[in-house]
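Architecture at a glance
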Amino acid sequence: MSIRSIVFATTLTCLSLAGGFILAQDADKSYYIQSDTLVVAKVKGTNEFLAYSKTVGKWNSFTFPKGVTAVPVVANGVCAFQLEGEAITEVVAVDLKGNWCSSKLPAAAKKCVPIIADDVAVFVVDGKAHAFSGELGKWDSVPASVAPQVSKDIAMIVALDSIAVFSSATGKWAVAQTAK
(Lines give C-alpha, C1' and ligand atoms only; values in the text may rest on other atoms or scores of the structure.)
Protein backbone atom coordinates (compact mmCIF):
# COMPACT_ATOMS: atom_id res chain seq x y z
CA MET A 1 0.00 0.00 0.00
CA SER A 2 1.41 3.41 -0.94
CA ILE A 3 1.85 6.32 1.48
CA ARG A 4 -0.78 8.27 -0.47
CA SER A 5 -3.30 5.46 0.04
CA ILE A 6 -2.58 5.32 3.77
CA VAL A 7 -2.90 9.10 4.19
CA PHE A 8 -6.09 9.18 2.15
CA ALA A 9 -7.60 6.26 4.08
CA THR A 10 -6.81 7.82 7.46
CA THR A 11 -8.20 11.25 6.59
CA LEU A 12 -11.60 9.99 5.50
CA THR A 13 -13.93 8.34 7.94
CA CYS A 14 -16.19 7.10 5.18
CA LEU A 15 -15.68 6.58 1.48
CA SER A 16 -18.73 5.42 -0.42
CA LEU A 17 -18.47 4.16 -3.97
CA ALA A 18 -22.04 2.86 -4.20
CA GLY A 19 -23.93 4.28 -7.14
CA GLY A 20 -20.80 5.65 -8.80
CA PHE A 21 -20.17 8.60 -6.48
CA ILE A 22 -17.76 9.37 -3.70
CA LEU A 23 -18.85 10.92 -0.40
CA ALA A 24 -16.34 12.34 2.04
CA GLN A 25 -17.93 12.14 5.49
CA ASP A 26 -15.62 13.99 7.88
CA ALA A 27 -16.00 17.73 7.33
CA ASP A 28 -13.50 18.71 10.07
CA LYS A 29 -10.44 17.07 8.54
CA SER A 30 -8.30 18.03 5.59
CA TYR A 31 -8.87 15.71 2.66
CA TYR A 32 -9.38 15.48 -1.04
CA ILE A 33 -11.60 13.37 -3.27
CA GLN A 34 -11.54 13.02 -7.03
CA SER A 35 -13.38 11.76 -10.05
CA ASP A 36 -12.19 11.31 -13.63
CA THR A 37 -12.49 15.08 -14.19
CA LEU A 38 -12.52 16.86 -10.80
CA VAL A 39 -10.43 17.06 -7.64
CA VAL A 40 -12.05 18.65 -4.59
CA ALA A 41 -10.04 19.46 -1.47
CA LYS A 42 -10.94 20.91 1.93
CA VAL A 43 -8.61 23.54 3.37
CA LYS A 44 -7.78 22.32 6.87
CA GLY A 45 -9.12 24.42 9.74
CA THR A 46 -11.46 26.45 7.54
CA ASN A 47 -14.79 26.17 5.77
CA GLU A 48 -13.04 26.69 2.42
CA PHE A 49 -12.95 24.13 -0.39
CA LEU A 50 -10.87 24.06 -3.56
CA ALA A 51 -11.95 22.55 -6.89
CA TYR A 52 -9.60 21.58 -9.71
CA SER A 53 -10.83 20.79 -13.20
CA LYS A 54 -8.66 18.41 -15.19
CA THR A 55 -10.17 19.83 -18.41
CA VAL A 56 -9.32 23.47 -17.58
CA GLY A 57 -6.22 22.91 -15.43
CA LYS A 58 -6.84 25.44 -12.66
CA TRP A 59 -8.07 25.68 -9.06
CA ASN A 60 -11.08 27.70 -7.84
CA SER A 61 -12.15 28.19 -4.22
CA PHE A 62 -15.38 28.65 -2.29
CA THR A 63 -15.93 29.38 1.39
CA PHE A 64 -19.13 28.22 3.04
CA PRO A 65 -20.71 30.43 5.72
CA LYS A 66 -19.87 29.87 9.39
CA GLY A 67 -22.26 27.40 10.97
CA VAL A 68 -22.71 25.40 7.77
CA THR A 69 -21.13 21.95 7.56
CA ALA A 70 -20.30 21.09 3.94
CA VAL A 71 -19.44 17.59 2.69
CA PRO A 72 -18.59 17.09 -0.99
CA VAL A 73 -20.23 14.35 -3.05
CA VAL A 74 -18.38 13.73 -6.32
CA ALA A 75 -19.47 11.93 -9.48
CA ASN A 76 -17.77 11.88 -12.86
CA GLY A 77 -18.52 15.43 -14.04
CA VAL A 78 -20.09 17.11 -11.04
CA CYS A 79 -19.54 17.76 -7.35
CA ALA A 80 -22.43 18.77 -5.08
CA PHE A 81 -22.27 19.53 -1.38
CA GLN A 82 -24.33 17.97 1.36
CA LEU A 83 -25.05 20.90 3.67
CA GLU A 84 -26.16 21.05 7.28
CA GLY A 85 -26.67 24.08 9.53
CA GLU A 86 -29.20 26.45 11.05
CA ALA A 87 -29.70 28.68 8.01
CA ILE A 88 -28.72 27.24 4.62
CA THR A 89 -29.74 29.80 2.01
CA GLU A 90 -28.24 28.25 -1.13
CA VAL A 91 -27.26 24.89 -2.58
CA VAL A 92 -23.77 24.62 -4.07
CA ALA A 93 -22.13 22.53 -6.79
CA VAL A 94 -19.02 22.48 -8.98
CA ASP A 95 -19.26 22.03 -12.76
CA LEU A 96 -17.00 20.13 -15.13
CA LYS A 97 -14.78 23.21 -15.57
CA GLY A 98 -14.24 23.60 -11.81
CA ASN A 99 -16.58 26.60 -11.49
CA TRP A 100 -18.52 27.03 -8.25
CA CYS A 101 -22.23 27.52 -8.90
CA SER A 102 -24.98 28.16 -6.37
CA SER A 103 -28.75 28.41 -6.40
CA LYS A 104 -30.58 30.53 -3.84
CA LEU A 105 -33.29 28.78 -1.86
CA PRO A 106 -36.64 30.59 -1.40
CA ALA A 107 -36.42 29.95 2.37
CA ALA A 108 -33.59 28.87 4.65
CA ALA A 109 -33.20 25.13 5.22
CA LYS A 110 -31.39 23.09 7.89
CA LYS A 111 -30.21 20.20 5.72
CA CYS A 112 -29.69 19.79 1.97
CA VAL A 113 -28.69 16.39 0.60
CA PRO A 114 -27.90 15.94 -3.10
CA ILE A 115 -28.97 13.03 -5.27
CA ILE A 116 -26.13 12.70 -7.76
CA ALA A 117 -25.19 10.86 -10.96
CA ASP A 118 -22.44 11.35 -13.56
CA ASP A 119 -23.35 14.87 -14.73
CA VAL A 120 -26.43 15.80 -12.68
CA ALA A 121 -27.10 16.71 -9.05
CA VAL A 122 -30.56 17.31 -7.57
CA PHE A 123 -31.56 18.73 -4.20
CA VAL A 124 -35.17 18.48 -3.04
CA VAL A 125 -35.89 21.27 -0.56
CA ASP A 126 -39.36 22.29 0.64
CA GLY A 127 -41.20 20.57 -2.22
CA LYS A 128 -38.95 21.96 -4.96
CA ALA A 129 -36.31 20.08 -6.99
CA HIS A 130 -33.19 22.14 -7.66
CA ALA A 131 -31.20 20.41 -10.43
CA PHE A 132 -27.66 21.19 -11.55
CA SER A 133 -25.93 20.38 -14.83
CA GLY A 134 -22.24 19.63 -14.33
CA GLU A 135 -21.82 19.88 -18.08
CA LEU A 136 -23.14 23.46 -18.37
CA GLY A 137 -22.88 24.80 -14.83
CA LYS A 138 -26.59 25.71 -14.83
CA TRP A 139 -29.32 25.39 -12.19
CA ASP A 140 -33.06 25.05 -12.74
CA SER A 141 -35.92 24.16 -10.40
CA VAL A 142 -39.46 22.78 -10.52
CA PRO A 143 -42.06 21.74 -7.96
CA ALA A 144 -41.49 18.14 -6.79
CA SER A 145 -44.43 16.18 -5.43
CA VAL A 146 -42.40 12.92 -5.50
CA ALA A 147 -38.71 12.07 -5.20
CA PRO A 148 -36.68 12.45 -8.40
CA GLN A 149 -35.02 9.56 -10.22
CA VAL A 150 -31.46 10.45 -11.21
CA SER A 151 -29.32 8.56 -13.70
CA LYS A 152 -26.16 9.45 -15.66
CA ASP A 153 -27.15 12.73 -17.34
CA ILE A 154 -30.87 13.20 -16.52
CA ALA A 155 -33.20 13.56 -13.57
CA MET A 156 -36.90 12.70 -13.76
CA ILE A 157 -39.88 13.46 -11.56
CA VAL A 158 -42.72 11.12 -12.46
CA ALA A 159 -45.91 12.34 -10.78
CA LEU A 160 -49.50 11.17 -11.24
CA ASP A 161 -50.28 13.92 -13.75
CA SER A 162 -46.89 14.92 -15.17
CA ILE A 163 -43.33 13.96 -16.00
CA ALA A 164 -40.53 16.47 -15.52
CA VAL A 165 -37.11 15.76 -17.07
CA PHE A 166 -33.88 17.66 -16.37
CA SER A 167 -31.07 17.13 -18.86
CA SER A 168 -27.42 17.97 -18.24
CA ALA A 169 -27.21 18.87 -21.95
CA THR A 170 -29.78 21.69 -21.60
CA GLY A 171 -29.53 22.61 -17.91
CA LYS A 172 -33.31 22.95 -17.83
CA TRP A 173 -36.38 21.08 -16.69
CA ALA A 174 -39.01 20.19 -19.32
CA VAL A 175 -42.46 19.30 -17.99
CA ALA A 176 -45.14 17.33 -19.83
CA GLN A 177 -48.68 16.97 -18.51
CA THR A 178 -49.76 13.32 -18.65
CA ALA A 179 -53.32 13.84 -17.42
CA LYS A 180 -56.02 16.35 -18.29
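Residues numbered from 1 in each chain as written. Predicted model: local features only at pLDDT ≥ 70, side-chain atom pairs only at ≥ 80, totals over all residues. Heavy atoms only, no water.

Quick notes on the overall build of the chain
Looking only at helices and strands, the chain has one helix and 16 strands in total. For the chain, with 180 residues in total, the buried portion stands at 47%. Sequence separation of 24 or more characterises 41% of the internal contacts of the chain that already satisfy a separation of 6 or more. Total accessible area on the chain is roughly 9,100 Å²; 56% of this is exposed by carbon and sulfur atoms. (Helix = DSSP H or I, 4+ residues; strand = E, 2+ residues; numbered from the N terminus. Buried < 20%, exposed > 50% of the residue type's maximum accessible area, 1.4 Å probe, protein only. Contact = heavy atoms within 4.5 Å. Areas by Shrake-Rupley, 256 points an atom, 1.4 Å probe, with all protein chains shown as cover.)

Overview of the packing of aromatic side chains
Here the structure, examined in full by the defined rule, presents eleven aromatic pairs. Pairing Tyr52 with Trp59 gives two aromatic rings, centres 5.2 Å apart and planes at 45°, and the pair type is tilted. The partly exposed category is assigned to Tyr52, whose relative accessible area is 24%. In textbook terms, an aromatic cluster arises when at least three aromatic residues are bridged by ring pairs, as seen for Phe49, Phe62, Phe64, Phe81 and Trp100. (Phe/Tyr/Trp six-rings, centres within 6.5 Å; stacked < 30°, edge-to-face > 60°.)

Structural notes on the sheet that holds strand E12 (residues 138-143)
As summarised here, the arrangement of the four strands in space is E9-E10-E11-E12, forming an open sheet in which the pairing is antiparallel. Each edge of the open sheet is held by one strand with a lone partner, namely strand E9 (114-116) and E12. Taken over all neighbouring pairs, the strand axes of this sheet differ in orientation by 25° on average, direction set aside. As judged from the three bridges shared by E9 and strand E10 (residues 120-125), these two strands associate in the antiparallel manner. Of the residues in E10, the one forming a bridge with Ile115 is Val122. (Pairing = 2+ DSSP bridges. Axes fitted to C-alpha atoms, helices over the stretch in contact; angles between N-to-C directions.)

Here's the deal with the nonpolar core
Phe49, Phe64, Phe81, Leu83, Trp100 and Cys112 are the most contacted members of the largest nonpolar core, which totals 34 residues. Counting residues per element, the ones that place at least two in this core are strand E3 (38-42), strand E4 (48-53), strand E6 (69-74), strand E7 (79-94), strand E8 (100-112) and E10. Per element, the largest residue contribution to this core is nine residues, and it comes from E7. Each residue touching Leu83, except ones within four places of it in the same chain, is listed here: Phe64, Val68, Thr69, Ala70, Ile88, Glu90, Val91, Val92, Lys110, Lys111 and Cys112. Counting eleven residues, the second largest nonpolar core, distinct from the first, contains Ala129, Ala131, Ala144 and Ile157. (Core = buried A, V, L, I, M, F, W, Y, C linked by side-chain atoms within 4.5 Å.)

Considering the pairing of E10
Of all six residues that make up E10, five are buried, and the element is covered over most of its length. Taken together, E9 and the strand that follows it, E10, pair antiparallel across an intervening segment of three residues. With six bridges joining them, E10 and strand E11 (residues 128-133) adopt antiparallel strand pairing. What sits directly across from Val122, in E11, is Ala131. In textbook terms, the turn of a hairpin is the stretch between consecutive antiparallel strands, and for E10 and E11 this stretch comprises two residues, one of which, Asp126, has a positive phi near 50°.

Focus: the sheet that holds strand E2 (residues 32-34)
Across the sheet, four strands lie side by side as E2-E3-E4-E5; this open sheet has antiparallel pairing. Two strands close off the open sheet at either side, each with one partner strand: E2 and strand E5 (58-63). In this sheet, neighbouring strand axes are inclined to one another by 20° on average, regardless of whether the strands run parallel or antiparallel. Relative to E5, E4 runs antiparallel, the two sharing six bridges. Within E5, the residue paired with Ala51 across the bridge is Asn60.

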